[in-house]
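Residues per chain, in single letters:
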Amino acid sequence: MPDKPQPERRRFIQSLTAGATIMTLGGIAYMAAGCSADEQAGAELRPDGRRRLPPGQRTLVPRPDNAAVADNAPLEPPPKPKLLRTDETTKAETRLPPNQYEIKALRPMGGIAGDPSRGALRLKVHGEVEQPLNLSFDNLLDDYTRIEQTCDVHCVTRWSLLGGIWQGVRVSELAQRARITKRARYVIFQSEAGYTANIEIDEALKPNVLVAWDINGAPLGGDHGAPLRSLVPDRYFWKSAKWLTGIHFVENDVRGYWESRGYHNHADPWKEQRYSSQEG
Ligand SMILES: Nc1nc2c(c(=O)[nH]1)N[C@H]1C(S)=C(S)[C@@H](COP(=O)(O)O)O[C@H]1N2
Ligand SMILES: [Mo]
């Protein structure tokens, strides 16, 4: 973090000493002149925090008690950004991966729903972590940087929803807070009724991979995974697990629900990796 610019520090010190002069008329001349001289020479402080008398000076207005401290106090870290807007749409010439077409609103694709209420949510972050987490919806809202992300999603049934604005928090921040171990090489998203989806750790830690609760300014509907789903824009959309209840960091890969039913383990829509029969 850069140091506070000097002019700002000087103004700060001057405002402190200005306060002192009001109460102690005798010190006005010294404080007004002495302060900037000290600044240029580098303030010389006695152990009790008072300034040394310059030669020939017999009295000195004590600096306010907190002034010496404030002068040397470590600078506060900048406030954590609570909302970060990002555009994660592809910069490629086309927004549509091969053999996809655009639709204008998310299409409900089914699955076994969980309780949609935010109050009921518990999200477990567990497995290869030093600090397992068990988070409420409010924990996500209060303790994590909220991401508002524009991105495209691509369903293997060939529709794509372009430019949706999703809101959530990054899986990478969850991983960081849970302190994943070196052994964590895959992530299994776990949902209601045993639905799972697996991705590699490098994919999961990309900044565009979220757990999301809003799309286009409205909470996810009950058929779209409310209250929380994963969002993995660079994989076919089945990897974005609705009604999410767990993020499991694991050492060895475990194929998820669709990955064990004929669908591609890697599922990159730009390489059109739809079916497991294409795996090399
Ligand atoms: N829990 C759960 N998540 C799921 C599914 C599911 O059946 N259960 N289906 C997946 C599939 S195949 C797709 S295409 C998307 C569809 O999301 P949508 O219904 O919000 O469009 O969710 C994915 N996430
Ligand atoms: Mo799908």
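The text that follows walks through the structure, step by step, so that each part is easy to find. Keep in mind the model is a prediction, meaning the values are calculated, not measured. (Residues numbered from 1 in each chain as written. Chains lettered and ligands numbered in written order. Predicted model: local features only at pLDDT ≥ 70, side-chain atom pairs only at ≥ 80, totals over all residues. Heavy atoms only, no water.)

## Some words on unusual backbone geometry
Thought 1: Of note, the bond from Ala226 into Pro227 is cis; its omega dihedral lies within 30 degrees of zero at 5°.
Thought 2: With respect to the element layout, Pro227 can be found in the loop between β10 (218-219) and β11 (229-231).
Thought 3: Although it is not a glycine, Trp243 adopts a positive phi angle of roughly 50°.
Thought 4: Examined against the element boundaries, Trp243 turns out to sit in the loop between β11 and β12 (244-250).
Thought 5: Unlike most non-glycine residues, Glu272 shows phi in positive territory, near 50°.
Thought 6: Its location among the elements puts Glu272 in the segment after β12. (Helix = DSSP H or I, 4+ residues; strand = E, 2+ residues; numbered from the N terminus.)

## Focus: the site of ligand 1
Thought 1: Around ligand 1 lies a shell of 20 residues, among which Arg107, Met109, His224, Arg229 and Lys242 are the nearest.
Thought 2: Between Arg107 and ligand 1, the recorded distance is 2.4 Å, taken from a backbone N or O atom to an oxygen atom.
Thought 3: Against a free-state accessible area of 530 Å², the protein chains account for coverage of 94% of ligand 1.
Thought 4: Taken together, the residues of the shell around ligand 1 break down into 11 nonpolar, 5 polar and 4 charged. (Near = heavy atom within 4 Å. Polar contact = N/O pair within 3.5 Å; in protein donor to acceptor, adjacent residues only side chain to side chain. Areas by Shrake-Rupley, 256 points an atom, 1.4 Å probe, with all protein chains shown as cover. Nonpolar A, V, L, I, M, F, W, Y, C, P; charged D, E, K, R; others polar.)

## What to know about the pairing of strand β8 (residues 196-200)
Thought 1: Where strand β7 (residues 186-191) meets β8, 5 bridges bridge the pair, whose relative direction is antiparallel. Paired with Phe189 across the bridge in β8 is Ala197.
Thought 2: Joining the antiparallel neighbours β7 and β8 is a turn of 4 residues, in which Ala193 adopts a positive phi near 60°. (Pairing = 2+ DSSP bridges.)

## A look at the environment of Arg185
Thought 1: Along the chain, Arg185 falls in the loop between α5 (171-178) and β7.
Thought 2: Accessibility expressed as a relative area gives 44% for Arg185, which makes it partly exposed.
Thought 3: As a C-alpha pair, Arg185 and Asp253 span 68 residues in sequence and 7.7 Å in three-dimensional space.
Thought 4: Those residues in contact with Arg185 that lie beyond four places of it in its chain are Glu200, Ile201, Val250, Glu251 and Asn252. (Buried < 20%, exposed > 50% of the residue type's maximum accessible area, 1.4 Å probe, protein only. Contact = heavy atoms within 4.5 Å.)

## Concerning the side chain of His154
Thought 1: Tracing the backbone through its elements, the reader meets His154 in strand β5 (residues 146-154).
Thought 2: Among the polar contacts listed, one links the side chain of His154 to the side chain of Ser160, at a separation of 2.7 Å.
Thought 3: Look past the residues within four positions of His154 in its chain and what remains in contact with it is Arg95, Pro97, Gln100, Trp159, Ser160, Leu162, Pro233, Arg235, Tyr236, Phe237 and Pro269.

## Remarks on the side chain of Asp268
Thought 1: By secondary structure assignment, the location of Asp268 is in the segment after β12.
Thought 2: As a buried residue without a salt bridge, Asp268 has its nearest oppositely charged side chain in Lys271, at a separation of 4.2 Å.
Thought 3: The contact partners of Asp268, leaving out residues within four places of it in the chain, are Asp234, Arg235, Tyr236 and Gln273. (Lys, Arg positive; Asp, Glu negative; His and termini not counted. Salt bridge = Lys/Arg side-chain N within 4 Å of Asp/Glu carboxyl O.)

## Here we look at the packing of aromatic side chains
In this description, a pair of aromatic rings is defined by centroid distance and the angle of the planes.
Thought 1: Across all of its chains, the model carries 9 aromatic pairs by this definition.
Thought 2: Here the aromatic rings of Trp166 and Phe237 are separated by 6.4 Å at their centres, their planes lie at 70°, and the arrangement is edge-to-face. With Trp166 in strand β6 (residues 159-170) and Phe237 in the loop between β11 and β12, the pair connects residues that are 71 residues apart, well separated along the chain. Neither residue differs from the other here; Trp166 and Phe237 are each classed as buried.
Thought 3: Note on Tyr236 and Trp238: the rings are 5.9 Å apart at their centroids and 15° apart in plane angle, and the pair reads as stacked. As far as the burial class goes, Tyr236 and Trp238 line up, both buried.
Thought 4: The ring of Tyr144 carries the charged tip of Arg177 above its face, separated from the ring centre by 4.3 Å.
Thought 5: Above the ring of Tyr257, the side-chain terminus of Arg261 is found at 3.7 Å from the ring centroid. (Phe/Tyr/Trp six-rings, centres within 6.5 Å; stacked < 30°, edge-to-face > 60°. Lys NZ or Arg CZ within 6 Å of the ring centre and 35° of its normal.)

## Describing the nonpolar core
Thought 1: By size, the foremost hydrophobic cluster in this structure holds 35 residues, and its most contacted members are Leu140, Leu174, Phe189, Ile247 and Phe249.
Thought 2: Of the residues forming this core, the biggest block, 4 residues, is contributed by α5.
Thought 3: Contacts of Ile247, omitting those with residues within four sequence positions, involve Leu123, Lys124, Val125, His126, Val171, Leu174, Val187, Ile188, Phe189, Gln190 and Val211. (Core = buried A, V, L, I, M, F, W, Y, C linked by side-chain atoms within 4.5 Å.)

## Observations concerning the environment of Glu148
Thought 1: Tracing the backbone through its elements, the reader meets Glu148 in strand β5.
Thought 2: In the structure, Glu148 is positioned 17 residues away from Ile165 in sequence and 6.6 Å away in space, judged by C-alpha atoms.
Thought 3: In this structure, Glu148 is in contact with Leu83, Leu84, Arg85, Thr86, Ile165, Trp166 and Gln167, ignoring residues within four places of it in sequence.

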